[in-house]
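Below, each chain spelled out in residue letters.
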Amino acid sequence: MSDYHLHLHPHADDTHHPAPPWGKYPPGWIEAYVETAVTRGVEELGFTEHLYRCVEAAPVLGAFWEWDWRTDLADQARHMFQEDLLLSLDSYVQAVLDAKDRGLPVKLGLEVDFFPQTIEAVVDFLEPYPFDFLIGSVHWIGAWSIDASSVAYEFERRGVDQAWEDYFNLVADLAGRGVVDVLAHVDVCKKFGYRPDVEPLHLYEMVVSAAAASRTAVEVSSQGLRKPASEVYPSPAFLRMFNEAGVRITLASDAHHPGDAAYAHEEVMEAARAAGYDRQLRFAGRLPYEVPLQKTSTTVAIRDP
Ligand SMILES: [Zn+2]
Ligand SMILES: [Zn+2]
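Cut-offs and rules
- Residues numbered from 1 in each chain as written.
- Chains lettered and ligands numbered in written order.
- Predicted model: local features only at pLDDT ≥ 70, side-chain atom pairs only at ≥ 80, totals over all residues.
- Heavy atoms only, no water.
- Helix = DSSP H or I, 4+ residues; strand = E, 2+ residues; numbered from the N terminus.
- Rg over C-alpha atoms; globule rule 2.2 N^0.38 Å.
- Buried < 20%, exposed > 50% of the residue type's maximum accessible area, 1.4 Å probe, protein only.
- Contact = heavy atoms within 4.5 Å.
- Areas by Shrake-Rupley, 256 points an atom, 1.4 Å probe, with all protein chains shown as cover.
- Lys, Arg positive; Asp, Glu negative; His and termini not counted.
- Charge placed at Lys NZ, Arg CZ, Asp CG, Glu CD.
- Core = buried A, V, L, I, M, F, W, Y, C linked by side-chain atoms within 4.5 Å.
- Donors = N, O, S within 2.8 Å, 3.2 Å for Na, K, Ca; no water.
- Tetrahedral: all angles 85-135°; square planar, octahedral: opposite > 155°, others 65-115°.
- Polar contact = N/O pair within 3.5 Å; in protein donor to acceptor, adjacent residues only side chain to side chain.
- Phe/Tyr/Trp six-rings, centres within 6.5 Å; stacked < 30°, edge-to-face > 60°.
- Salt bridge = Lys/Arg side-chain N within 4 Å of Asp/Glu carboxyl O.

The number of helices and strands found in the protein chain is 10 helices and 11 strands. At 18 Å, the protein chain has a C-alpha radius of gyration in line with the 19 Å of a compact globule built from 305 residues. Dimensions of the protein chain, computed from the C-alpha atoms along their principal axes, are close to 50 × 40 × 35 Å. Counting only residues that meet the buried cut, the protein chain has 58% of its 305 residues in that class. Pairs at least 24 apart in sequence give 79% of the contacts found in the protein chain among residues at least 6 apart. Entry remark: accessible area of the protein chain is about 12200 Å², with carbon and sulfur atoms responsible for 51%. The averaged location of the 47 negative side-chain charges in the protein chain is 4 Å from the averaged location of its 25 positive side-chain charges.

Put into structure tokens, the structure is as follows:
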């Protein structure tokens, strides 16, 4: 089995989890993720650092918060962006490539933040890098950090229905472009428990048909289980719709420290099976291949760093 959504550093405001200095990958750090995952029956890890946290990407992404007239949201976004801008894309890529060279079962991915205004420039910027796969995320609607608790009040100010519609319009736009391989936490708008009265299948359908047309996959993630949503991303109905449309899946934890690697992996597999899936995707050099959705008995040898 695999976990195709992991970060090697916590966010700047996470003081609960000890981590190496920003942008450093000391011996044994990637191994710690692999060791935890192996105990949970997962033998391949795809790392997906946040693009927006890498200093090299800042000129490409630009001051995206300035496109929004809501100054409170813009102030929060600017602060979060600047506070989190602590990593180097080149150092991250090298650390994962070095881990591959050490024989670790890892893949090189990246979590690409979607902004319609800059996505094409981002794609060009990433082109020279040897990524195995790219996951795509909508974290910002204009300057609104939809998954940041400090601005969760925007759900009530904007209205939950409008917030979900704004969010899914962006996800459908991303899905239709076919520029990333996998859609990440595709219904993260439910993270804090703000949900419409009726599950908006018409919004899901927009995303599902766009993903099916562009042959973009979707991840089944345990991150929602650790949040007030208390539910895997995507929801059972949403995931069934993806399956019926032939959209393939990866499995994900969205861990930001070694202890969460392959978190709740059994629940993720159960959610995928319940939606009708019996296979999962893996990637090598941006090319997908399918493997059965079942635990393997492969033993992973972890060499001493
Ligand atoms: Zn994310
Ligand atoms: Zn993530």
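Now, onward.
Moving on, we get to the nonpolar core. Of all hydrophobic cores here, the largest spans 97 residues; its most connected members are Phe47, Tyr92, Phe168 and Phe242. Top element by residues in this core is helix H7 (residues 160-177). It accounts for 10 residues. The contact partners of Phe168, leaving out residues within four places of it in the chain, are Val186, Asp187, Cys189, Leu203, Tyr204, Met206, Val207 and Phe238. Of all hydrophobic cores here, the second largest spans 8 residues; its members include Tyr4, Phe133, Val182 and Leu281.

A separate point is the coordination of the zinc ion (ligand 2). Looking at the metal site, the zinc ion (ligand 2) is ligated by His5 (NE2), His7 (NE2), Glu111 (OE) and Asp254 (OD), spaced 2.0 to 2.2 Å from it. Note that the zinc ion (ligand 2) binds 4 donor atoms; their angles at the metal cover 80 to 169 degrees, and the shape is irregular. Each donor residue of the zinc ion (ligand 2) lies on the same chain, and together they follow the pattern H-x1-H-x103-E-x142-D. Taken as a pair, the zinc ion (ligand 2) and the zinc ion (ligand 1) show a spacing of 3.4 Å, with Glu111 coordinating each metal. In this pair, His5 sits in strand S1 (residues 2-6) while Glu111 sits in strand S3 (residues 106-113), placing the two residues 106 residues apart along the sequence. Under the relative-accessibility criterion, His5 is labelled buried at 0%. In this structure Glu111 comes out as buried when scored by relative accessible area, which is 0%.

To continue, consider the coordination of the zinc ion (ligand 1). The textbook angles at a metal center are 109.5 degrees for a tetrahedron of four donors and 90 or 180 degrees for an octahedron of six. For the zinc ion (ligand 1), the full set of protein donor atoms is Glu111 (OE), His139 (NE2) and His185 (NE2), at a range of 2.1 to 2.2 Å. Between consecutive donors of the zinc ion (ligand 1), the numbers of intervening residues give the motif E-x27-H-x45-H.

Inspection of the secondary structure assignment puts Glu31 in helix H1 (residues 29-39). Looking at Glu31, its side chain comes within polar contact range of the main-chain nitrogen of Gly28, at 3.4 Å.

Taken as a whole, this structure holds 24 aromatic pairs when the rule is applied. Taking 5.1 Å as the distance between ring centres and 85 degrees as the angle between the ring planes, the aromatic pair formed by Tyr52 and Trp140 counts as edge-to-face. Here Tyr52 is found in the loop between strand S2 (44-50) and helix H2 (58-61), whereas its partner Trp140 is found in strand S5 (residues 140-141), with 88 residues between them in sequence. When its relative accessible area of 2% is taken as the criterion, Tyr52 is described as buried. Given a relative accessible area of 2%, Trp140 falls into the buried group. Ring centres of Phe238 and Phe242 lie 4.7 Å apart, and the angle between their planes is 25 degrees; on these two criteria the pair is classed as stacked. Linking Phe238 with Phe242, this pair stays in helix H9 (residues 236-244), spanning 4 residues, or about one helical turn.

Here the structure, examined in full by the defined rule, presents 22 salt bridges. The closest approach of N and O atoms between Arg158 and Asp166, which form a salt bridge, is 2.9 Å. Exposure remark for Arg158: the relative accessible area of 17% places this residue in the buried category. The partner of Arg195 in a salt bridge is Glu231, and the shortest N-O contact between them spans 3.6 Å. Taken together, the residues Arg195 in the loop between strand S7 (182-183) and helix H8 (201-214) and Glu231 in the loop between strand S8 (217-221) and H9 connect sequence positions 36 residues apart. If you follow the salt bridges from partner to partner, you end up with Asp68, Arg70, Asp72, Glu154, Arg157, Arg158 and Asp166 in one network.

Coordinates in, geometry out; function isn't part of it.
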